[in-house]
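Single-letter residue listing:
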Amino acid sequence: IQILPLSFLSAADQAFVTLATTEDYCMGALVMGKSLRRHGTTRKIVVLISSSVSPEQLNSLHKRVFDEVVQVDVMDSMDRTHLSWLGRPELGVTLTKLQCWMLIKYKKCVFLDADTLVLQNVDDLFEREELSAAPDAGWPDCFNSGVFVFRPSLHTHSRLLAHAAHYGCFDGGDQGLLNSFFKDWAVKDISKHLPFVYNLSSSAIYTYLPAFQTFGHQAKIVHFLGAVKPWHLRYDQSNKDSYLDQFLNMWWAEYRSQMPPISGEVDGNQDSGDMLHVSMKLLMRSMTNGHHLTHILILSHYSLHHRRMWEKGHVDYMGKDSFENIKKKLDIFLD
Ligand code: UDP
Ligand code: GLC
Ligand code: MN
């Protein structure tokens, strides 16, 4: 018997998306993807890459981390003036992020920068609408484009490109462009303001330490915003003085960790996996994560292998899948 929350059923057309055009950012993307898996996401995980990513790097974007690796054309603003105001001449290529609107096989997506680390399950982000994002710590009337909810659409994609061609982007990267495109974000709809804990900028903590002391433990996604990234810094377990050190150590711990199991196969080791058990765990987990259970589906029981056979239409009518067996399982469950 499998009981699925609606959020699980719709999971196939929803995805987390990141971008990596260089070896370094591939490393970041990998860690971010692993952290999503570790916290049991039920959504797909997609990475956009450029053609300069080598086959070895591609290999390292391990199949079990990313459901899809999609090669996209790089877009670069080449806008040296605005990028120099940002102090980040290398960020012209972040315009490539806009290609995420082309992922139209998904209905809703959450973009996460490759320099983010997920600390808790954040599947509830899919309950938000385009364009939801957290305030930028430097200019809170702008959103930070390291974490945002969007709806892939070719129409929006071409409007974004036209907007870029016409108005440029005021920081030379995607964040300036997206903020001038979704320009009423600051004032129109508070539900599109993600709490800061969904995009906690590790470098901005010190500007408001009392708030961090009070709310920091609720952090869901930490963002290593700025020119210095975790992969530039050394892993040192004795570094526990500052919060940044602790986040940094968490990043390196994730980097070195074993690949976490994919949600759904969580505890479902293929031989002994009882789908009821796995589903109950999923159910309990979604409840703890605050999901609303809006739909209950009773499908089948037994191992994942058996489930896959069932899905392919190989039904064991006289044996495991006999009406008597299904009824027995239902009775046990209802009891
Ligand atoms: N990025 C990339 N290649 C680059 C620069 C950036 O793939 O050369 C992507 C990557 O996903 C990264 C995002 O664009 O996380 C935004 O850049 P970054 O995180 O460095 O900007 P910050 O958040 O520090 O302003
Ligand atoms: C910001 C964002 C980053 C974005 C960059 C360029 O600092 O954190 O995601 O790519 O600006 O616009
Ligand atoms: Mn970033």
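Quick notes on the rules
Residues numbered from 1 in each chain as written. Chains lettered and ligands numbered in written order. Predicted model: local features only at pLDDT ≥ 70, side-chain atom pairs only at ≥ 80, totals over all residues. Heavy atoms only, no water. UniProt positions renumbered as here; feature names shortened; annotations may be inferred. Donors = N, O, S within 2.8 Å, 3.2 Å for Na, K, Ca; no water. Tetrahedral: all angles 85-135°; square planar, octahedral: opposite > 155°, others 65-115°. Helix = DSSP H or I, 4+ residues; strand = E, 2+ residues; numbered from the N terminus. Phe/Tyr/Trp six-rings, centres within 6.5 Å; stacked < 30°, edge-to-face > 60°. Buried < 20%, exposed > 50% of the residue type's maximum accessible area, 1.4 Å probe, protein only. Pairing = 2+ DSSP bridges. Right-handed = clockwise from strand over helix to strand, strands pointing away. Axes fitted to C-alpha atoms, helices over the stretch in contact; angles between N-to-C directions. Parallel < 35°, antiparallel > 145°, perpendicular 65-115°, else oblique. Contact = heavy atoms within 4.5 Å. Nonpolar A, V, L, I, M, F, W, Y, C, P; charged D, E, K, R; others polar.

The name given to the protein chain in an unreviewed UniProt entry is glycogenin glucosyltransferase, with Denticeps clupeoides as the source organism. Note on the protein chain: under the UniProt heading Pathway (unreviewed entry), the record states "Glycan biosynthesis; glycogen biosynthesis." Quoted straight from UniProt, the Cofactor (unreviewed entry) entry for the protein chain says "Mn(2+)".

**Details of the coordination of the manganese ion (ligand 3)**
Six octahedral donors at a metal ideally form angles of 90 or 180 degrees, and four tetrahedral donors ideally form angles of 109.5 degrees. Distances from the manganese ion (ligand 3) to its protein donors, Asp-113 (OD), Asp-115 (OD), Asp-115 (OD) and His-223 (NE2), fall within 2.2 to 2.3 Å. One can describe the donor arrangement at the manganese ion (ligand 3) as irregular, given that its six donor atoms subtend angles of 56 to 170° at the metal. Ordering the donors of the manganese ion (ligand 3) by residue number gives the pattern D-x1-D-x107-H. Of this pair, Asp-113 sits in the loop between strand 4 (108-112) and strand 5 (116-118) while His-223 sits in strand 9 (residues 221-223), placing them 110 residues apart in sequence.

**Overview of the packing of aromatic side chains**
Under the defined criterion, the tally for this structure stands at 14 aromatic pairs. Between Phe-16 and Phe-126, the ring centres sit 5.0 Å apart and the planes meet at 80°, which makes this aromatic pair edge-to-face. With a gap of 110 residues between them, Phe-16 in strand 1 (residues 14-20) and Phe-126 in the loop between strand 5 and strand 6 (132-135) connect regions that are remote in the sequence. For the pair Phe-16 and Phe-126, one class covers both residues: buried. The rings of Trp-101, Phe-111, Phe-148, Phe-150, Phe-181 and Phe-182 are connected pair by pair, giving a single aromatic cluster.

**Focus: the pairing of strand 2 (residues 44-49)**
Burial within strand 2 is extensive, with five of its six residues counted as buried. Both strand 1 and strand 2 contribute to a ladder of six bridges, which runs parallel. Following the sheet pairing, Ala-20 is matched in strand 2 by Ile-49. In this region the chain leaves strand 1, passes through helix 2 (residues 23-38) and returns to the parallel neighbour strand 2; the handedness of that crossover is right-handed. After leaving strand 2, the chain enters helix 3 (residues 55-60) and then returns to the sheet as strand 3 (residues 68-71), a path that is right-handed.

**A short note on the packing of helix 5 (residues 154-167) against helix 6 (residues 174-181)**
Close contact between helix 5 and helix 6 brings their axes to 10 Å; oriented N to C, the two are set at 105°. One element, helix 5, and the other, helix 6, form an angle in the roughly perpendicular class. Of the residues in helix 6, those in contact with Thr-156, Arg-159, Leu-160, His-163 and Ala-164 of helix 5 are Leu-177, Leu-178, Ser-180 and Phe-181. Classifying every residue of the contact of helix 5 with helix 6 gives five nonpolar, three polar and one charged.

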